Structures are given as structure tokens and as C-alpha cells.
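Structural characterization, general
As a plain string of letters, each chain reads:
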Amino acid sequence: MDVLTKLEVLADAAKYDASCASSGAPKRDSIGRAGLGASTGAGICHSFTPDGRCVSLLKILLTNFCLYDCQYCVNRRSSNVPRARFAPREVVDLTLDFYRRNYIDGLFLSSGIIRSADYTMEQLVQVARSLREEHLFRGYIHLKTIPDADPRLIAQAGQYADRLSVNIELPTEGGLARLAPEKDAHTIKRAMGAIRLAREEAEGEARDGAKRSPAAPAKPAARAPAGQSTQMIVGADDANDRTILQTAQTLYGAYRLKRVYYSAFSPIPDSPSSVPAQAPPLLREHRLYQADFLMRGYGFQAEELFQDDGDLPLDIDPKLGWALAHREAFPVDLNRAPQRLIARVPGIGMRNAQRIVELRRLRAVRYQDLIRLRCAIEKARPFVVVRDYRPATAESSSEQLRRALAPPPEQLSLL
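For clarity, every value in this text was computed on a predicted model and none was experimentally measured. (Residues numbered from 1 in each chain as written. Predicted model: local features only at pLDDT ≥ 70, side-chain atom pairs only at ≥ 80, totals over all residues. Heavy atoms only, no water.)

1. Considerations on the pairing of strand β7 (residues 228-234)
For β7, the tally of buried residues reaches 7 of 7 residues, placing the bulk of the element in the interior. Going residue by residue along β7, you find Gln-228, Thr-230, Met-232 and Val-234 tucked away on one face and Ser-229, Gln-231 and Ile-233 tucked away on the opposite face as well. Pairing between strand β6 (residues 163-165) and β7: 2 bridges, direction parallel. If you follow Leu-164 over to β7, its bridge partner there is Gln-228. In this region the chain leaves β7, passes through helix α7 (residues 241-255) and returns to the parallel neighbour strand β8 (residues 259-264); the handedness of that crossover is right-handed. (Buried < 20%, exposed > 50% of the residue type's maximum accessible area, 1.4 Å probe, protein only. Helix = DSSP H or I, 4+ residues; strand = E, 2+ residues; numbered from the N terminus. Pairing = 2+ DSSP bridges. Right-handed = clockwise from strand over helix to strand, strands pointing away.)

What follows is the structure, given as C-alpha cells:
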């Protein structure tokens, strides 16, 4: 099989990995010195697939052959799909070739399990080592690790990759045991813990170095400096949104993850009966990302985002859902309320909350100020009080407000 055919097969097989953001990588470049490529701290996502997923890197599998038979995976051992395998040298050449053509800014590399977990991890490390040491590649590298591999191999991967990820796959141990019996949740979490400890050791060494030599700037941590991430599949088992977000919250706290990614389950022909025959709505995946952002950026706890059932509503976003369920906290007086509460108002984000607090130090905030700040005024209006405005809908029921604020139903296309 020629390289282009392999690329077609293995790039398509990698599209189910959602973890493609590179924010948090240290800034590097080859200006004025040997090497190739650059990586910026702001992230490099800049293109999208037809289904809306962000593609920032050459995202491929080393191989889609796999010893495991995870029921939700298109590349499982029993799946009837075309198979291919890259040699490490081919991945290195493709990465450099694509970079020189300005197609990519880095590499996202995962793999099925071949021969053994250690052998597969060695192959992944070999690719990253060759790029860094033989070709002085300074672009972004993200490696998917094999949790069952020797911890020393995972540590080596952290020496060369900007980010490592260990996929938790499913939100509950029961779901993983039922749909992926060859995987062990404890092994996955042990690998996450090892990466966290290695990063903390590297950060400690960098701080100690700075103290010993105050004049010299501290070097960035060498062990996966952009941190680690994971991915959960949504809709492959019966776990509801509450369980998914509680698991994400635990992972953020226990392992200092940079991101948890959510990937809607995609049934394929000849899927086993143990998984659903129909994909969950993509809007469910979107709501989980919105809720995840509220936990990471706004200080929400997972439990706060749910009221009665265990799933997020699809017709309204989680922040609006929380506001409608906590009418006792509203309307918020923007000239008196603390910034953290202003940020919880639907239609007002963290940046505008800060701007409102800064503005009211100079004068009273008025309705036109919210328009100038480009707040989502239609959404925010029922929940705020300012100098010259008080909502007439303050006495309206939450159900009335929900009907007024939810987007109108759309006619489905027949084509």
C-alpha cells in the first residue's frame, strides 16, 4: 500500500479523536537558529472539517490494526474496515513535508494497539524523538498514550510531546467493563496520575532553578508542557449528562487535566448490538461542551447545572437553564452585585462582567452600556437591573421566560 493510500485510511480513522486543540503549548520557533517550525502559546486551530470539528494538525493513526475489541470503536478487532499501518519514518516524512507546504502546524498522533502496548508506545515515541532530535522540529506534537504501556515509555513521550492524552473512553467503570473489557479504568487513571506527577516534578525543578539563578529565566517544564487531556464518548452507553460532567469534574480536580473532550458516538455498519444503532444528537455534545466551559471558566459545579432529570436540556444553553432554575438570584443589580454573580447572568461573559465592574467605578451602569459592550441583550434583559432599566418580566414564571428565550423550532429539511 502506498503512502497516500495509507494517509487516506488512517486520517479518516483518526477523525473520531476530538482532542485537537493545542492551546497551552510553550512558544518556540527556529528563527535565528537551527531547526524547523514554530509553536505559539495561543493555540493553532484554524480549519474545520465538514461536520464542524476543528482540525489544526496532521491528525492520523500510526495504524488502525488493533488487538482490542472495544464495541464502540470503528477500529476494533472485529470491525470490517480497511486496515493500514505507517512506519515511524513515514509519519516523520509526512509531518515535515506537510509543514513545509504550510498545510499544518504540528502533529496529532494516535494508534491502535499492535503486538503489545509497549511496542505500540515505543513506535509513537520513536516518531516524536525523530522529529525533535533528528530534524529539530519545533512545532506542536500531541501524542495519544497507551495506558497499559510501561510508565517509562509514557515518561519518554512527555519529553518530546507538547501534550499527552489518555482517553478515559466512557464515564463509568461499569460502562467500560461492559463495552471495552480489555481496558481497565484503574490503569487509565494510573497513567493520568503518572503524567500529573511528572509535570509537577518538572515544574518544581524549573522553580528551583529560577531560585538558584534569579538572573536566568526559568525554562518551561519539559514534560508535556501543554498538559494532558482526555476524551469521553457520549451516547455509546446509558450514562446521562450528569454522570458525564461529574466524571469530568473529578478528572479536572484529580489529574489537573487541561481539557476533557466529548465525542458523540458514531454507529457504523455492522455495529454490535451492545451499542445503540442511532447516534445521539450532536446538540447534546455541544451542550456538554458549554457546560464544561462553565465549570472551567465560571466556577460552576456539575451538580448546579441539573435540576430534575440527568440530561442537559437541548432547547436552551446550560447557563440559561441554571438562571431559570434559580430565579431567586435574579434580577441582578449590575451596579452592586459582585463580579462572579454578574458573570452568571445569561448573555454576559467573564470579560464583560469585568468591564461592567470597571465601568461602575467611574459612573452608574446604564442600559446603553450593555448594548455598547455587545452583551447578548435579548438573553440578559430579563435578569438584570441597571440605573435606567428594570425588567418588566421580573414576575414572569420561568416557564414563560423559557418559551420566550428558547430559539423557535425549525422546519426539518426533507433533503
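Don't stop here, the text continues.
2. Remarks on the side chain of Ser-165
Structurally, Ser-165 is set in strand β6. In this structure, Ser-165 is in contact with His-142, Leu-143, Lys-144, Thr-145 and Ser-229, ignoring residues within four places of it in sequence. (Contact = heavy atoms within 4.5 Å.)

3. Focus: a negative patch on the surface
On the surface, a cluster of negative charge is contributed by Asp-118, Glu-122, Asp-148 and Asp-184. In this structure, Asp-148 sits in the loop between β5 (140-144) and α4 (151-160). Judged by relative accessible area, which is 37%, Asp-148 ranks as partly exposed. (Patch = residues over 30% accessible without salt bridge, like charges linked within 9 Å, V, L, I, M, F, W, Y side chains within 5 Å. Areas by Shrake-Rupley, 256 points an atom, 1.4 Å probe, with all protein chains shown as cover. Salt bridge = Lys/Arg side-chain N within 4 Å of Asp/Glu carboxyl O. Lys, Arg positive; Asp, Glu negative; His and termini not counted. Charge placed at Lys NZ, Arg CZ, Asp CG, Glu CD.)

4. Thoughts on unusual backbone geometry
A cis amide bond links Phe-330 to the next residue, Pro-331, at an omega of 0°. The phi dihedral of Asn-102 is positive, around 65°, even though this residue is not glycine. Examined against the element boundaries, Asn-102 turns out to sit in the loop between α2 (88-100) and β4 (106-110). Taking relative accessible area as the criterion, Asn-102 reaches 66% and is therefore assigned exposed. In this structure, Leu-136 takes a positive phi of about 50° despite not being glycine. One can find Leu-136 in the loop between α3 (117-134) and β5. On the basis of relative accessibility, which here comes to 32%, the residue Leu-136 falls in the partly exposed class.

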